Structure formats: C-alpha cells, structure tokens
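What follows is each chain in one-letter form.
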Amino acid sequence: MKCEEALTKIEAYINHTLNGRELEEFLEHVQNCPSCYEELETYFIVHEVTQQLDDNSSESVLDFKDLLEQDISSSRHYVRKKKIGWFLI
C-alpha cells in the first residue's frame, strides 16, 4: 500500500469500516511508515476528543497515544482471528 492510499483509509480505520484485507494492509503500512502513522495519530486524537466532548464524558481519557496503540493492537488481533477463520474454511 502506498501512502496516498493509506491516507484515504484513515477515516475508515477510525470508524472500523475497513474489511479484513484492507485493515491488514493498512496496519502493515502505518507500522512501517512514520509519516502515515503520525497522520493517523492526529486524526485519531481529533476524533476521540470530539467524541468525548459530544458524550460530555466526565471520565475523559487523556492519553490518546496509548488509546491509539490499544486500538491498533485490537485491530491486529481481529485480523489474526479473521485469518484463522479463513484458514479453517
């Protein structure tokens, strides 16, 4: 995946609408491309802050970078589970 394509998929990643293969390719790219990871981080933080403001949450998360890492880890886990499912079919 090239940077231009990865950048177009950031919103879909944040909204959890990428299919399994797209998600896997996107995660692989941002893991190896500091520029795209930084862009993802920026969009993710803006999204989370906006969501917390909309929710009027009294329990705000302030460590958005950690939250992004948790989200990426969860997405990688999802991809691994999907691959196992594809293998079993």
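Small disclaimer: the values here were computed from a predicted structure and weren't measured.

### Some thoughts on the overall build of the protein
Phase 1: For the protein, the count of helices and strands is 5 helices and 0 strands.
Phase 2: Seen in sequence order, the protein has helices and strands lined up from the N terminus as α-α-α-α-α.
Phase 3: Sequence-distant contacts in the protein: of pairs separated by 6 or more residues, those separated by 24 or more amount to 62%.
Phase 4: Carbon and sulfur atoms make up 52% of the accessible area of the protein, which totals about 6400 Å².

### What to know about the nonpolar core
A general feature of soluble globular proteins is that nonpolar side chains tend to end up buried together.
Phase 1: Counting 17 residues, the largest nonpolar core has Y13, F26 and L40 as the members making the most contacts within it.
Phase 2: Put simply, the parts of the chain that give this core at least two residues each are α2 (10–14), α3 (20–32), α4 (34–55) and α5 (64–88).
Phase 3: Not counting chain neighbours up to four residues away, the residues in contact with L40 comprise I10, Y13, I14, F26, V30, L68 and I72.

### So, the packing of aromatic side chains
The relation between two aromatic rings is expressed through the spacing of the ring centres and the mutual angle of the planes.
Phase 1: A full pass over the atoms with the stated rule returns 1 aromatic pair.
Phase 2: With a centroid separation of 5.2 Å and an interplanar angle of 25°, the aromatic rings of Y13 and F26 are classed as stacked. With Y13 in helix α2 and F26 in helix α3, the pair connects residues that are 13 residues apart, well separated along the chain. We note that Y13, like F26, is buried.

### Side note on the environment of K2
Phase 1: Locating K2 in the fold gives a position in the segment before α1 (3–8).
Phase 2: Exposure remark for K2: the relative accessible area of 63% places this residue in the exposed category.
Phase 3: In this structure, the C-alpha to C-alpha distance between K2 and C33, residues 31 residues apart in sequence, is 9.6 Å.

The rules we used
- Residues numbered from 1 in each chain as written.
- Predicted model: local features only at pLDDT ≥ 70, side-chain atom pairs only at ≥ 80, totals over all residues.
- Heavy atoms only, no water.
- Helix = DSSP H or I, 4+ residues; strand = E, 2+ residues; numbered from the N terminus.
- Contact = heavy atoms within 4.5 Å.
- Areas by Shrake-Rupley, 256 points an atom, 1.4 Å probe, with all protein chains shown as cover.
- Core = buried A, V, L, I, M, F, W, Y, C linked by side-chain atoms within 4.5 Å.
- Buried < 20%, exposed > 50% of the residue type's maximum accessible area, 1.4 Å probe, protein only.
- Phe/Tyr/Trp six-rings, centres within 6.5 Å; stacked < 30°, edge-to-face > 60°.

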